[in-house]
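Here is what each chain is made of, one letter per residue.
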Amino acid sequence: MRLNENTVIYGDRVILVPYRAEHVSTYHEWMKSPELLQLTASEPLSWQEEMEMQQKWHLDEDKLTFILLERPPSSTSIILPAEELHSCRMVGDVNLFLPDGLEGDGECEIMIASKEDRRRGFAREALSLFLYYLTTTLPLPPTSLIARIGSANIPSITLFRKLGFVITKHVKVFDEVELRYSAGAMEDSVDIAGLKLGAVEVFDWENVSLEGRKGKYD
Ligand SMILES: CC(C)(COP(=O)(O)OP(=O)(O)OC[C@H]1O[C@@H](n2cnc3c(N)ncnc32)[C@H](O)[C@@H]1OP(=O)(O)O)[C@@H](O)C(=O)NCCC(=O)NCCS
């Protein structure tokens, strides 16, 4: 989608930037990992196919993606000068798929590629900013936000539950759960027996603000 083709969103730990051709090589290296292919239900692609995919993410109206960069700990201002922004390290991506347009559900997915970068709060902050952006800019109604995640992917299921998503379906045949954002509703309508889920403290991303946190990529 072209909506965010020049949009930068500055978090305290991560920075969301549009997926550009200069990101493809690192992305392609990441997606050689069997673990990441399996967890994100992706197929291995050649470099050329990855370039074509980057173009599709840019132009197709049913897709919206940001690359996630690590904010340098030494940065002093929220908005970084262009030179500093363009030298930040890539850590992952976050994306939305709208198979039925804005009238249908929006499927969200996030990846922090390297194990060393996980459990550092990158995904929670990036997803909070992304969800706020989607619901205020597209805008997509919050209750149209869903995630489809393998039943064994407890980190991702826990992350989405922490952001107010509740499990609405457990499709045992695909070994997958579907979660939907439902702002405070209880997880009582679905058989989640067998999933090792603990209680979570929900983070209210609907109250984050992008004021002073948006910039241009170039
Ligand atoms: C799922 C994933 C995105 C989480 O990213 P992350 O940056 O490590 O997550 P955060 O550090 O922001 O953690 C946010 C919350 O998610 C939950 N969480 C994250 N990793 C977890 C783990 N290994 N076990 C249990 N809960 C976990 C916790 O509730 C955590 O909050 P806490 O640290 O205060 O307890 C990351 O593990 C990943 O990219 N995995 C591989 C790709 C993938 O599975 N993507 C999802 C496909 S749908």
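The structure under discussion appears in the preceding block.
Residues numbered from 1 in each chain as written. Predicted model: local features only at pLDDT ≥ 70, side-chain atom pairs only at ≥ 80, totals over all residues.

### Considering the overall build of the chain
As a reminder of what qualifies: Only DSSP runs of H or I covering at least 4 residues are called helices, and only runs of E covering at least 2 are called strands; the numbering of each starts at the N terminus. For this measure, only C-alpha atoms enter the radius of gyration; the expected value for a globule follows 2.2 Å times N^0.38, where N is the number of residues. Note on contacts: each residue gets a C-beta atom placed from the backbone, and two residues are in contact if those atoms are within 7 Å.
Helix and strand content of the chain: six helices and nine strands. Taking 17 Å as the expected radius of gyration for a compact globule of 218 residues, we find that the chain reaches 17 Å, a close match to that expectation. Overall, the chain is about 50 × 40 × 35 Å in size when its C-alpha atoms are taken along their principal axes. Sequence separation of at least 24 residues holds for 66% of the intrachain contacts in the chain that already meet a minimum separation of 6.

### Focus: the sheet that holds strand β4 (residues 90–97)
Short version of the rule: Between any two strands, pairing holds if DSSP finds at least two bridges. Every angle, taken between N-to-C directions, lies between 0 and 180 degrees, and every axis is a line fitted to C-alpha atoms, over only the stretch in contact when it is a helix.
Within the open sheet, the nine strands sit side by side as β7-β8-β6-β5-β4-β3-β2-β1-β9. Their pairing is mixed. Two strands bound the open sheet, and with one partner strand each, they are β7 (165–171) and β9 (214–216). With strand direction ignored, the average angle separating the axes of adjacent strands in the sheet is 25 degrees. Bridge count for β4 against strand β5 (residues 106–112) is six bridges, and the pairing is antiparallel. Within β5, the residue paired with F97 across the bridge is E107.

### Digging into the site of the ligand
Keep this limit in mind: The C-beta atom of each residue is placed using the backbone, and any residue whose C-beta lies within 6 Å of a molecule or strand is treated as near it. Just so you know the grouping, Ala, Val, Leu, Ile, Met, Phe, Trp, Tyr, Cys and Pro go in nonpolar, Asp, Glu, Lys and Arg go in charged, and all remaining residues, Gly too, go in polar.
Contacts to the ligand come from 22 residues, most closely from L39, R118, A123, R124 and P155. Listing elements by their share of the shell around the ligand, those giving two or more residues are α2 (34–39), β5, α5 (122–137) and α6 (154–162). If one sorts the elements of the shell around the ligand by residue count, α6 sits on top with six residues. Classifying every residue of the shell around the ligand by side-chain character gives 11 nonpolar, five polar and six charged.

### Some remarks on the pairing of strand β6 (residues 145–150)
Successive side chains on a regular strand alternate, one facing one side of the sheet and the next facing the other. Formally: Residues are called buried when their C-beta atom has 20 or more other C-beta atoms within 10 Å, exposed when it has 12 or fewer, and partly exposed otherwise; all C-beta atoms are positioned from the backbone. Handedness of a crossover is defined as follows: orient the strands so they point away from the viewer, and if the path from the first strand over the helix to the second runs clockwise, the crossover is right-handed.
Judged by which residues are buried, β6 turns out to be one-sided: L145, A147 and I149 face inward and are buried, whereas I146, R148 and G150, on the alternate face, are not. Both β5 and β6 contribute to a ladder of two bridges, which runs parallel. Opposite E107, over in β6, you have I146 as the bridge partner. Between the parallel pair β5 and β6, the chain is carried across by α5, and the sense of this crossover is right-handed. Relative to strand β8 (residues 176–181), β6 is paired through five bridges, and the arrangement is antiparallel. Bridging across to β8, G150 finds its partner in E176.

### Examining unusual backbone geometry
Put simply, L138 and P139 share a cis peptide bond, and its omega is -15 degrees. At R119, a position not held by glycine, the phi torsion is positive, near 60 degrees. Within the element layout of this structure, R119 appears in the loop between β5 and α5. With 10 C-beta atoms counted inside 10 Å, the residue R119 sits in the exposed group. Positioned with a positive phi, D175 is a non-glycine residue whose angle comes to about 55 degrees. Mapped onto the elements, D175 comes out in the loop between β7 and β8.

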